[in-house]
Amino acid sequence: MFRMLKVPVFILIGSLVTAGMAQADGVKVGFVNISRLISESPQGTTAMEQLQEEFAPRQREVIALQAEMQEKQEQIKRDLEVMGPEERRNAERDLRRDERELARSQQEFQEDINLRRNEALGKLQRDLLREVQGFAASQGYDLVVSDGVLYASTAIDITEQVLAGLKASFTKSSSDN
């Protein structure tokens, strides 16, 4: 019974593969390296520069807190031998409190920058997707693939053309503003 079923299944699979191959002759396929578009497009570099500018003051603040904390630690180490027991306890308690505040500030800063980076990256990816879709439609591509591709020949890599389109649209939008 199973042998009788195997033959029709193999025939069916063979005919589907053959039909798929025949249909694939006229299919235009392209590959886009999204990571490269994000890092090399003017839209991507501008988004990252804006994030840097937005968070630079807070980053300087955190760095200043770190330097202040290190200075306090060194001061306490120097004065440790001349301090009385109660003064030592108070200094150590204050130091631990300041360390917790610094850690909290660093964590909040990191969370905020990660949140904004994810928002900016999401918007950038949507913009890149629209650009790739527009390019593919205008150039007659049937399929454009990206992440998860194990190999893509340079013959089907359209990243450079999409990047050129991104640069042109960025230049146009910059001159309009």
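Within each chain, residue numbers correspond to sequence positions counted from 1 in written order. Local features in this predicted model are restricted to residues of pLDDT 70 or higher, and side-chain atom pairs are both shown and tallied only at a pLDDT of 80 or more, whereas totals for entire chains, interfaces and linings draw on every residue. As a rule here, side-chain values cover all heavy atoms of the structure and leave hydrogens and water aside.

Caption draft 1: The arrangement of the overall build of the protein in detail. Secondary structure counts use DSSP, requiring at least four H or I residues in a row for a helix and at least two E residues in a row for a strand, with both numbered from the N terminus. Across its full length, the protein holds 5 helices and 2 strands. The order of helices and strands in the protein, counted from the N terminus, is α-β-α-α-α-β-α. Only protein chains enter the area calculation, which uses a 1.4 Å probe; residues under 20% of their type maximum are buried, those over 50% are exposed, and those in between are partly exposed. Considering the protein as a whole, with its 177 residues, one finds that 21% of them fall into the buried category. Contacts between residues were defined by any pair of non-hydrogen atoms, one from each residue, lying within 4.5 Å. Residue pairs at least 24 apart in sequence account for 85% of intrachain contacts in the protein once pairs closer than 6 positions are excluded. Accessible surface for the protein amounts to roughly 13000 Å². Of this, 55% is attributable to carbon and sulfur atoms. Surface exposure here means Shrake-Rupley accessible area, sampled with a 1.4 Å probe, where a residue is shielded only by the protein chains that are shown.

Caption draft 2: Region of interest: the layout of surface pockets. Here the term cavity refers to a set of points on a 1 Å grid, laid over the protein atoms alone, in which a 1.4 Å probe fits but cannot get out; the term pocket refers to an open set having protein on both sides within 12 Å along at least five of seven lines, with lining residues being those that place an atom within 4 Å of a point. Grid points are joined across faces, edges and corners, and a volume is the space filled by probe spheres set on the points. Its boundaries defined by the atoms lining it, the largest pocket holds a volume of some 310 Å³. If you go around the largest pocket, you meet 16 residues; those closest to its centre are Q43, A47, K123, L124 and D127. Contributions of two or more residues to the lining of the largest pocket are made by α3 (42-79), α4 (85-139) and α5 (159-176). Among the elements that make up the lining of the largest pocket, the one with the highest residue count is α4 (8 residues). Under the scheme applied here, ten amino acids are nonpolar (Ala, Val, Leu, Ile, Met, Phe, Trp, Tyr, Cys and Pro), four are charged (Asp, Glu, Lys and Arg), and all others, including Gly, are polar. For the lining of the largest pocket, the residue count by class is 7 nonpolar, 4 polar and 5 charged. In this model, the second largest pocket occupies a volume close to 170 Å³. As for the second largest pocket, its lining consists of V32, I34, Q125, L128, L129, V132, Q133, A136, V144, V145 and S146.

Caption draft 3: Spatial organisation of the environment of V62. Mapped onto the secondary structure, V62 falls in helix α3. On the basis of relative accessible area, V62 is assigned to the buried category, the value being 11%. For V62 and S105, which are 43 residues apart along the polypeptide, the C-alpha to C-alpha distance reads 6.9 Å. Those residues in contact with V62, other than ones at most four positions away along the chain, are L102, S105, Q106 and F109.

Caption draft 4: Representation of the environment of G165 in the model. Counting through the fold element by element, G165 comes out in helix α5. Along the backbone, G165 and G134 are 31 residues apart, and their C-alpha atoms lie at a distance of 9.8 Å.

Caption draft 5: How the structure looks around the nonpolar core. Each nonpolar core is a collection of buried residues, namely Ala, Val, Leu, Ile, Met, Phe, Trp, Tyr and Cys, held together in the definition by side-chain atoms within 4.5 Å. Core analysis: the largest hydrophobic core is formed by 14 residues, its most contacted members being V32, L37, L128, I158 and V162. Among residues more than four places away in sequence, those in contact with L128 are L37, I38, S41 and L166.

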